[in-house]
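Read off the chains here:
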Protein chains: 2
Amino acid sequence: MKRKIIEEITSAQKILEAARKEFARHGLDGARVDRIAHKAKVNKAMIYYHFHSKDNLYQAVIDDHLSQIGSFIEHTISEEPNIEKLLLQLAYFYNEILTKREDFVPIFLRELATGGERMRMAFKKMITEKGFHTKLKQLMDRGKESGQFREMDSLQAIISFLGMNMYYPLTASVINTVWEIKDEKIFREKRPTEVVNLFLYGLIKR
Amino acid sequence: MKRKIIEEITSAQKILEAARKEFARHGLDGARVDRIAHKAKVNKAMIYYHFHSKDNLYQAVIDDHLSQIGSFIEHTISEEPNIEKLLLQLAYFYNEILTKREDFVPIFLRELATGGERMRMAFKKMITEKGFHTKLKQLMDRGKESGQFREMDSLQAIISFLGMNMYYPLTASVINTVWEIKDEKIFREKRPTEVVNLFLYGLIKR
DNA sequence: CATATATATCTAACCATTTAGTTAAACTAA
DNA sequence: TTAGTTTAACTAAATGGTTAGATATATATG
C-alpha cells in the first residue's frame, strides 16, 4: 500500500475536487469523465478505481456538499430560544452557504429540476435532527398565542422567510441584470438584516 | 407545398411539444434527439429539417415559453397604480405561471444553473417594457415619502417579495417533504394572499 | 384543362465522434 | 510477497447530425 503522507493530496481528493467543479458547471449529463480526469491530473481509470461509476462520483460530490453544510449548521446555529436571534442566524446561514459555496448552487438548482430525489431526505434529516421544523413553528405559534404576533399561517410564513433568504442567491445571475443590481457584494451583505426586519415587521402585531 | 389544414397538427408543432417535455425532464444535455423524434412520431431528420440543430430546438422551446409568459402578463396585469392591487396581481401571476406551466420550472432552474444567459435579456425586456421596474420602485418610494411605509431599501424589499412568491413553486419537490406539506394544492392556492399580507404588513408603518 | 416544374415535406439508411467504462500489466511500499 | 495504486490502450454503445432520394402539392405554361 502506498503510504499517503498527511500533507499530500490523495488522487481521490483531487478527483473529488475536479468533479465538484465539473458537475457544478455542466450537471450530471453534461459533465465529462475525461475532463474530470484531465483537470484532476489523474488517469481516467483512477476515477473508476476510486468511485466505480460517474453516477457514484456525482453522488459523492453531493454527499460531500451535504456533509459540509451539515457541519456548518453545527457551529453557526445555536440552541437559541429567542426568535429574533434564531431568524437572524438562519438568514446569515443561508446567505453564507449560498454565497461562499458557489459550486453548490448550480448542483442544487439542477437537482431541483430533476425532482430533488437525491437531496430530499438528507435535508429532511438535517432539519428534523436540529429540530428547526418544530422549533420555528413553536416559536411562531407561541408568538401568536401571546398576542405578540398577528394571526397568520405559521408554515406559510416560514416558507416565505425561506424564500426571501434563498431566492436571491439562487437566482442572482438573472436578477442582477433584470433589476439592475450593480454592486452584488453589498446587496448580498445587506440581505440578512433586511430580510429579518421585513419578516418580523410583517409578523408583529400593531 | 403540402397544404396544412388548420386543424391538422404540423410536424413542427409535434416536434416542439415533444421537445418541450423532453428538455423539461432531461435538460439540454440529457435530452435525446431520437427520443424527441420517437415521442413526436416523426422521422429524426424532420427535426433537423425544421430546427437545424438540437441547440436550436432547445432555444425554440425556450422562446415559446417566454412568448407565452409574455402574453400571459398582458392579460393578467393591468396598469394598476394601487400598490396593494398590483402586488396581488403579481403574486397571482407568479403563482399561475409556475404552477400551471409545469414544463417551464425545470427549464428555468437549469438555465439558472448555467448562468441564465438564455433568458436574462428576454426577462429584462419584458419587465422594462411593462415598466414594472420603475413602477414598483416608484410606488414604494412614494409610500415611504408619504409616511405610509417605514424606512427600508425598496429594491431589497422587492427582491424579498419576488422570493416569497417564486421560491415555493420552484422548490416544492423538496420543500413539501422537508416541511411536511401534505396538501400541496391548497398550500399553493393560499400562497398569493398570504404573501401579499405578510409583505404589506411588513412595510406599513405602525 | 393537362402537363411540366419548382418547392416543401418526409423517410430509411448511414456516418463520424464522443463517451462511459474496461483490461491487463506495471509500479510502489509495507 | 502481498495488496493497494497507477497507466496506456482499448471497446462497445450511444449520439448528433447527414444524405440521397421519394412523395406530395402549388404554380406556371401552353
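Nothing here was measured: the structure is a model prediction, and the numbers come from that model.

Asker: Pulling in residues and values, what's your account of the packing of helix 10 (residues 184-203) of chain A against helix 9 (residues 154-178) of chain B?
Answerer: Where helix 10 of chain A contacts helix 9 of chain B, the two axes come as close as 10 Å, and the packing angle between them is 70°. Comparing the axis directions of helix 10 of chain A and helix 9 of chain B gives the class roughly perpendicular. Taken together, the residues of helix 9 of chain B that come into contact with helix 10 of chain A (itself represented by Phe-187, Lys-190, Arg-191, Glu-194, Val-195 and Leu-198 of chain A) are Leu-155, Gln-156, Ile-159, Ser-160 and Met-164 of chain B. The residue inventory of the contact of helix 10 of chain A with helix 9 of chain B, partitioned by class, reads six nonpolar, two polar and three charged.

Asker: Could you give me a rundown of the layout of surface pockets, with the residues and numbers involved?
Answerer: Considering only enclosed or pocket space, the largest pocket measures out at about 700 Å³ in volume. When contributions to the lining of the largest pocket are tallied by element, the ones reaching two or more residues are helix 6 (104-113) of chain A together with helix 1 (11-30), helix 5 (83-100), helix 6 (104-113), helix 9 and helix 10 (184-203) of chain B. At six residues, the largest contribution of residues to the lining of the largest pocket is made by helix 5 of chain B. When the residues that make up the lining of the largest pocket are grouped by side-chain class, the tally is twelve nonpolar, five polar and eleven charged.

Asker: Which residues make up unusual backbone geometry, and what values do they have?
Answerer: Residue and element names in this part refer to chain B. With phi around 70°, His-52 is a residue other than glycine that occupies positive phi space. Exposure remark for His-52: the relative accessible area of 59% places this residue in the exposed category. Even without being a glycine, Glu-180 presents a positive backbone phi close to 50°. Structurally, Glu-180 can be placed in the loop between helix 9 and helix 10.

Asker: Provide a residue-level description of the relation of the copies chain B and chain A, including the pertinent values.
Answerer: When chain B is fitted onto chain A, the two copies agree to an RMSD of 0.0 Å after a turn of 180° and an axial shift of 0.0 Å. The symmetry that links the two subunits is that of a two-fold axis. Rotation axis and chain B: the residue whose C-alpha lies nearest the axis is Gly-202 of chain B, separated from it by 1.7 Å. Of the residues that chain B buries at the interface, 100% are likewise interface residues in chain A, meaning the two copies contact each other through the same surface.

Asker: Give a detailed account of the interface of chain B and chain A, specifying residues and quantitative values.
Answerer: Facing 58 residues of chain B, the contacting portion of chain A comprises 58 residues. Between chain B and chain A, the buried area comes to about 5,600 Å², and carbon and sulfur atoms account for 68% of it. Along the contact surface separating chain B from chain A lie two salt bridges. The closest approach of N and O atoms between Lys-124 of chain A and Glu-180 of chain B, which form a salt bridge, is 2.9 Å. Across the contact surface, chain B and chain A share 14 residue pairs in polar contact (both at pLDDT 80 or more). Taken together, the elements giving at least two residues each to the side of chain B that touches chain A come down to helix 1, helix 6, helix 7 (117-130), helix 8 (132-145), helix 9 and helix 10 of chain B.

Asker: Break down the packing of helix 5 (residues 83-100) of chain A against helix 8 (residues 132-145) of chain A for me, citing the residues and quoting the values.
Answerer: Residue and element names in this part refer to chain A. It is at 11 Å that the axes of helix 5 and helix 8 come closest, and there the two elements cross at 135°. With respect to helix 8, the axis of helix 5 lies oblique. Between helix 5 and helix 8 lies a crossing of left-handed hand. Touching Ile-83, Leu-86, Leu-87 and Leu-90 of helix 5 are Phe-132, Leu-136, Leu-139 and Met-140, all from helix 8. Partitioned by chemical class, the residues of the contact of helix 5 with helix 8 number eight nonpolar, no polar and no charged.

Cut-offs used in this document
Residues numbered from 1 in each chain as written. Chains lettered and ligands numbered in written order. Predicted model: local features only at pLDDT ≥ 70, side-chain atom pairs only at ≥ 80, totals over all residues. Heavy atoms only, no water. Axes fitted to C-alpha atoms, helices over the stretch in contact; angles between N-to-C directions. Helix = DSSP H or I, 4+ residues; strand = E, 2+ residues; numbered from the N terminus. Parallel < 35°, antiparallel > 145°, perpendicular 65-115°, else oblique. Contact = heavy atoms within 4.5 Å. Nonpolar A, V, L, I, M, F, W, Y, C, P; charged D, E, K, R; others polar. 1 Å grid on protein atoms, 1.4 Å probe; cavity = no way out; pocket = protein on both sides within 12 Å on 5 of 7 lines; lining within 4 Å. Points joined across faces, edges and corners; volume = space filled by probe spheres on them. Buried < 20%, exposed > 50% of the residue type's maximum accessible area, 1.4 Å probe, protein only. Least-squares fit on C-alpha atoms with pLDDT ≥ 70 in both. Buried area = accessible area lost by both parts, 1.4 Å probe. Salt bridge = Lys/Arg side-chain N within 4 Å of Asp/Glu carboxyl O. Polar contact = N/O pair within 3.5 Å; in protein donor to acceptor, adjacent residues only side chain to side chain. Left-handed = near helix turned anticlockwise from the far one by under 90°.

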